[in-house]
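What the coordinates show
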Amino acid sequence: MANIAAQRIKREFKEVIKSEEVAKCAIKVELLNDSYTELKGEIAGPPDTPYEGGNFVLEIRVPETYPFNPPKVRFITKIWHPNISSVTGAICLDILKDQWAAAMTLRTVLLSLQALLSAAEPDDPQDAVVARQYKENLEMFKLTAKHWTNAYAGGPFVNTDCDEKIKRLIDMGIEEHQARVALSSYNWDLERATEQLFS
Amino acid sequence: MEDTMTTSQGGESDMDYSDNEYYDYYNTNDDIDIEQLDPRKIDPEYFEFSCLLEEQVDRLLNETVETLSNNLQIPPSLAKVLLHSNQWNISELTKKFNENSTRTLIAARIEPATPPGSLLLTRYVNCSVCVTVQPLDRFYSLSCAHMFCRDCWSMHFEVQINQGISTGIACMARNCIVLAPEDFVLKHLQRPNMREKYQQFSFQDYVKSHPQLRFCPGPNCSIVVHSKEVKAKRSTCNQCKTVFCFKCGCDYHAPTECQVIKKWLTKCADDSETANYISAHTKDCPKCHICIEKNGGCNHMQCYNCKHDFCWMCLGDWKSHGSEYYECSRYRENPNIAHESVHAQAREALKKYLHYYERWENHSKSLKLEEQTLEKLRSRINQKVMSGLGTWIDWQYLFTAANLLAKCRYTLQYTYPYAYYMDTGSRKELFEYQQAQLEAEIENLSWKIERAETTDRGDLENQMDIAEKRRTTLLKDFLDV
C-alpha cells in the first residue's frame, strides 16, 4: 500500500513543480523526508481578500493508505478564518474528509484551500469565534484577518491602531499572541479584552 | 403470544358434509361471526409481525429485488441500489421509473448527472490513482466511465469497507458521486474476510433502510422483525424475548408516541440529578413518622409500626383512595400561574415535571422489583401448600395475576410522559381521569395479590378483569398509531 502512496506523491510532486500555479508563485510543495510521508505546502493569499500578499505554510502528512484516504493537512501559519482554527490550524473542508476522491491530488488540495481563503463558509465553522465575527461584523472580520496576515504571513497591510493596542497589552505583561487573540475575539475593544485576560 | 401469521379460521367449512342437519347444527352463522371478529378492533395493541432469521431476510430482500428487476428490465444489482435509496417501495419506484427513468437513475446515484465523455481506446492507459501505465483490459469503470485499474478499485473498496462503508462507496473520480453496486464491489474483492465484511455491512444498511424491517435491539440478537404495518406497536423477539416498539426500536411505550418518549427520556436524563435528590427512596409514615422503605409494588402502604394505611404517592389516608376518586395521578396546576414572577413560573415548571417524573420513576421501580415480588409470592405459596391450604396448582392463578399486574403497570408508567406533554383541556382531563381509574385498579390488584389468603380466586379474577379493561379502554381512546 505504502508503495502506491510514495509513487503517487513522487508523481504529484513533479506535477506541482511543473504546474502554472508554481510559475505564478501561487502554490509550492517541499519534501520534508525521503519516504514521501511528510511535506510542507505553501499557498499565497488570493488577491482581493484580507489574505492578499500573505504566504501561508501548511503541514501535509500523507497516510499509508493514500490516495484512498485524504492527506492530513493543517495550517502552520496562524490565520484568522471561519473554517480554520485560530488555535491549532485545523481545517474544515469537505474534500479533506468525506468528499475526498482517490483521483484528487496535492495540487487540487492546495488550490481548494486557496479557494477556501477566497470564499469562507461561516455556516460550517471550525472556529466559532471567528465565524460569529464574520457573520455579525464583516468589516471587523476583514480588518482582523488583514492584521493577522500582516503579523504572521508577511502581508503588507500595517494597521497601527491594532499594533498600538497590542503593545498596550504587552506593556501590561501579556504575551503578544495572547494579546492579539483576546483583542481579535472582542472586536479590538481594549477594555473588554483586558477584562477577559485578567479575570 | 402474538406470534403471528396465525389467522385462526379453520378449514371446517370446506369439509364435505353428507348430513345436512349436522352441518347446520355446527356451522350456524353466529358461530362464524364470533370467530371472525376483527382482532384489530378488540385489542388496540394487536400487531401482526414475524421474527426472521438472517437467511429469511435475505430471501425477502432478494425477492423484492427480483420483482423490481423484472418489472423494470434492469440488472438485479442496480435494482438493489434503487430500492435501497427509495425505502424499498416497489410501486412508488416503478411509477417514478416509468415517468422518467433517467432522472430516477441519477437520483439514486446509479448514473452520472452528465453523460460520460467518449472513451479513449488506446491499448495502454495510465491509471490516475496509482500513476502506472497498464494494458486496457485491466481497467474497469462504473456508469460514469471513469477508468481505474483493477488493483486500485480493490484497494479503494478495502479502505472504505474497513471504515464501515458499504452501500455508500462512490467512484474514485473527483466530484463523481456514482455508487458502486454490489456485484461490482464483489468482483473486485478477493479476500474472503473482506467479502464477508462487505456483505455484513451492506445487509445492515439494507435492513435499516427498509421501513418494514427492524433489528431486534436485544444484546447479541440477530433477529429481524418484519411487519407490513409500520406502526409504533409492541413486538416481541421470539429468540431473546426482548419487547420493543416496532417503529423506533426502543422500549415499548404506548400510549406515548415515539418522538414524545424520546423527548421525555432526554429530559429525564438531563434533570435526573435534581429529581433523584428530591425523590429519595424512603418516606416517613405520615402518622408515626417511622422511616419506611418501599420494597414492593403496591402504593397502598400499611405502616408496620402503627398499622396506619396510607398512599405512598400522596401520603394521604388510604381510606380516601378506596372509593370512586383516586386522584394521586392527576397533576393540579396552579391557576394563577400566569400572574406569578418568572422565578415562580420556573419553580412551577419544575414542580410539574417532578410530579410526572416521580410517578414515572415509581412505577418503573415497582416493575424492577417484580422478580422480588414473584420470589415472595413463591415462598408464600410454598408455606400455604405446606400447611395444607390448597395444592401448588390451586395457587397458580396468583402468578397469572402478577403477570397481568406487570403488564398494566408498564402501560401506566408510560401514561405519565403522555400526560406531561398534553395540552390542558377536556381531553387531558379525560385522560387523567382514565389514568387515575387505571391506577386505582392496579393498586387494588397489587394489594389483593400481596395478601391473597385463600384459593378462592373469584374476587381476584374479577379485579384482574377490571384492571385489564381499564388498560385497554385507555389505549383504545388514546393510543393513536
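The rules behind each value
Just so you know, the residues in each chain are numbered from 1, in the order the chain's sequence is written. Starting at A for chains and at 1 for ligands, labels are handed out in the order in which the entities are written. Where totals are concerned, whole chains, interfaces and linings use all residues; where local detail is concerned, this predicted model gives features only for residues with pLDDT of at least 70, and gives and counts side-chain atom pairs only at 80 or more. As a rule here, side-chain values cover all heavy atoms of the structure and leave hydrogens and water aside. Counting from the N terminus, the helices are DSSP H or I runs at least four residues long and the strands are E runs at least two residues long. Three labels apply to residues, based on accessible area from a 1.4 Å probe with only protein chains included: buried if under 20% of the type maximum, exposed if over 50%, partly exposed otherwise in between. Residues are treated as being in contact if the distance between any of their heavy atoms lies within 4.5 Å. For two strands to be treated as a pair, DSSP must find no fewer than two bridges joining them. Lines fitted to the C-alpha atoms define the axes, with helices restricted to the stretch that makes contact. Angles between their N-to-C directions range from 0 to 180 degrees. Summed over both partners, the accessible area lost on bringing two parts together, with a 1.4 Å probe, is the buried area. Any carboxyl oxygen of Asp or Glu that lies within 4 Å of a side-chain nitrogen of Lys or Arg is treated as forming a salt bridge with it. Here a polar contact is taken to be a pair of N or O atoms separated by no more than 3.5 Å, where protein atoms must pair a possible hydrogen donor with a possible acceptor and residues adjacent in sequence count only if both atoms sit in side chains. If an angle is under 35 degrees, it is roughly parallel; if it is over 145, roughly antiparallel; if it lies from 65 to 115, roughly perpendicular; otherwise it is oblique. Each crossing gets its hand from how the near helix is turned against the far one by less than a right angle, where anticlockwise is left-handed and clockwise is right-handed. Classes in brief: Ala, Val, Leu, Ile, Met, Phe, Trp, Tyr, Cys and Pro nonpolar; Asp, Glu, Lys and Arg charged; the others, Gly included, polar. Stacked, tilted and edge-to-face are the three classes assigned to paired rings of Phe, Tyr and Trp, where Trp is represented by its six-membered ring and a pair needs centres within 6.5 Å; plane angles under 30 degrees give stacked, over 60 edge-to-face, the rest tilted. Charge-over-ring placement is defined geometrically: NZ (Lys) or CZ (Arg) within 6 Å of the ring centre, and within 35 degrees of the ring normal. Directions are taken from the helix axis to each C-beta atom, and the arc is the one they span. UniProt positions are given in the numbering used here, feature names are shortened, and annotations may be inferred rather than shown by experiment.

What about the overall build of chain B?
The helix and strand inventory of chain B stands at 19 helices and 13 strands. For chain B, buried positions account for 44% of its 481 residues. Look at the contacts in chain B between residues 6 or more apart in sequence, and 57% of them connect residues 24 or more apart.

Focus: the sheet that holds strand β3 (residues 55–61) of chain A
Residues and elements named next belong to chain A. Reading across the sheet, the four strands line up as β1-β2-β3-β4 and stay open at both edges, with antiparallel pairing between neighbours. In the strand order of this sheet, the two ends are held by β1 (27–31) and β4 (72–75), each with one partner. The mean inter-strand angle of the sheet, taken between neighbouring strand axes irrespective of direction, is 25°. Here strand β2 (residues 38–44) pairs with β3 via seven bridges, running antiparallel. Bridge pairing in β3 places L39 opposite I60.

Describing the interface of chain A and chain B
Each partner contributes residues to the interface: chain A has 15 residues there, and chain B has 16 residues. Interface area, chain A with chain B, both sides summed: about 1300 Å², of which 65% is carbon and sulfur. Its largest share of buried area at the contact with chain B, chain A owes to R11, F68 and A103 of chain A, together 37% of the area lost on that side. At the boundary of chain A with chain B, the tally comes to zero salt bridges. Put simply, chain A and chain B have six residue pairs in polar contact (both at pLDDT 80 or more) between them. Mapped by element, the contributors of at least two residues to the side of chain A that touches chain B are α1 (2–18) and α3 (106–118) of chain A.

A look at the packing of helix α4 (residues 54–72) of chain B against helix α10 (residues 192–209) of chain B
All names here are of chain B. Close contact between α4 and α10 brings their axes to 12 Å; oriented N to C, the two are set at 65°. With respect to their mutual orientation, α4 and α10 come out roughly perpendicular. Note on packing geometry: the crossing formed by α4 with α10 is left-handed. Facing α4, whose interface residues are E54, V57, D58 and L61, α10 presents F203, Y206 and V207. Of the residues in the contact of α4 with α10, the class split is five nonpolar, no polar and two charged.

With respect to the packing of aromatic side chains
Enumeration over the complete set of coordinates arrives at 31 aromatic pairs over all chains. A centroid spacing of 5.9 Å and a plane angle of 75° characterise the contact between Y51 of chain A and F56 of chain A, whose relative ring orientation is edge-to-face. Judged by relative accessible area, which is 0%, F56 of chain A ranks as buried. Taken together, the ring pairs connect Y252, W264, Y353, Y356, Y357, W360, Y410, Y414, Y416, Y420 and Y421 of chain B into an aromatic cluster. Sitting over the ring of Y420 of chain B, K352 of chain B keeps its end group 5.1 Å from the ring centre.

Quick notes on the pairing of β1 of chain A
When β1 of chain A meets β2 of chain A, the two strands line up antiparallel, connected through five bridges. If you follow V29 of chain A over to β2 of chain A, its bridge partner there is G41 of chain A.

Some thoughts on helix α8 (residues 190–198) of chain A
All names here are of chain A. Turning to α8, its buried residues number three or more, namely L190, A193, T194 and L197. Down the axis of α8, the buried set is contained in an arc of 100°. They therefore lie on one face. Residues E191 and E195 are exposed on α8 and point more than 90 degrees away from its buried face. Looking at the buried residues of α8, the elements they touch are α6 (160–171) and α7 (176–185). Where α8 starts, the residue carrying a side-chain oxygen 3.1 Å from the main-chain nitrogen of E191 turns out to be D189.

Points about the packing of α6 of chain A against α8 of chain A
How two helices sit against one another is set out by the angle between their axes and by the gap between those axes. All names here are of chain A. Two elements in contact, α6 and α8, have axes whose closest approach is 11 Å; the angle formed by their N-to-C orientations is 30°. The orientation of α6 relative to α8 falls into the category roughly parallel. Of the two elements, α6 crosses α8, and the hand of that crossing is right-handed. Residue-level contacts link K165, R168 and L169 of α6 to L190, T194 and L197 of α8.

Digging into the pattern of salt bridges
Residue and element names in this part refer to chain B. By the definition in use, this model includes 26 salt bridges over all chains. A salt bridge links D151 to R138; its shortest N-O distance comes to 3.2 Å. Within this pair, whereas D151 is found in helix α8 (residues 150–162), its partner R138 is found in the loop between β3 (133–135) and β4 (139–140), the two being separated by 13 residues in sequence. By relative accessible area, which is 23% here, R138 ends up partly exposed. Residue E443 pairs with R409 through a salt bridge whose shortest N-O separation is 3.6 Å. Separated by 34 residues along the polypeptide, E443 in helix α18 (residues 426–450) and R409 in helix α16 (residues 397–413) bring together distant segments of the chain. Relative accessible area serves as the criterion here: at 3%, R409 is assigned to the buried category. Each of E45, R234, K407, E468 and R471 takes part in one network of salt bridges that share partners.

Side note on the UniProt feature "active site" (unreviewed entry) in chain A
Residue and element names in this part refer to chain A. Summarizing the sequence annotation, UniProt attributes the feature "active site" (unreviewed entry) to C92 in the numbering used throughout. Within the secondary structure, C92 sits in the loop between β4 and α3. For C92, the residues in contact, after removing those within four places along its chain, are N83, K97, L116, D124 and Q126.

Some details on the sheet that holds strand β1 (residues 50–52) of chain B
All names here are of chain B. In space, the three strands of this open sheet follow the order β1-β7-β6, with antiparallel pairing throughout. Of all the strands in the sheet, just β1 and β6 (213–215) have a single pairing partner and so form its edges. Shown here is a sheet whose adjacent strand axes are inclined to one another by a mean of 30°, direction ignored. Sheet topology note: the β6/strand β7 (residues 224–226) ladder contains three bridges and is antiparallel. Among the inter-strand pairings, L213 is bridged to a residue of β7, identified as H226. The strands that α4 touches are β1, β6 and β7; relative to β1, the one it contacts most, it runs at about 100°.

Digging into the environment of L113 of chain A
All names here are of chain A. By secondary structure assignment, the location of L113 is in helix α3. Residue L113 is classed as buried on the basis of its relative accessible area, which comes to 0%. Taking the C-alpha atoms as reference points, L113 and I91, separated by 22 residues in sequence, lie 9.0 Å from one another. In this structure L113 touches I43, L58, V73, F75, I91 and L93, once residues within four positions along its chain are discounted.

Some words on the side chain of H363 of chain B
Residue placement: H363 of chain B occurs in helix α13 (residues 342–368). The residues contacting H363 of chain B, other than those within four sequence positions of it, are N299, R409, L412, Q413, Y416, E439 and E443 of chain B.

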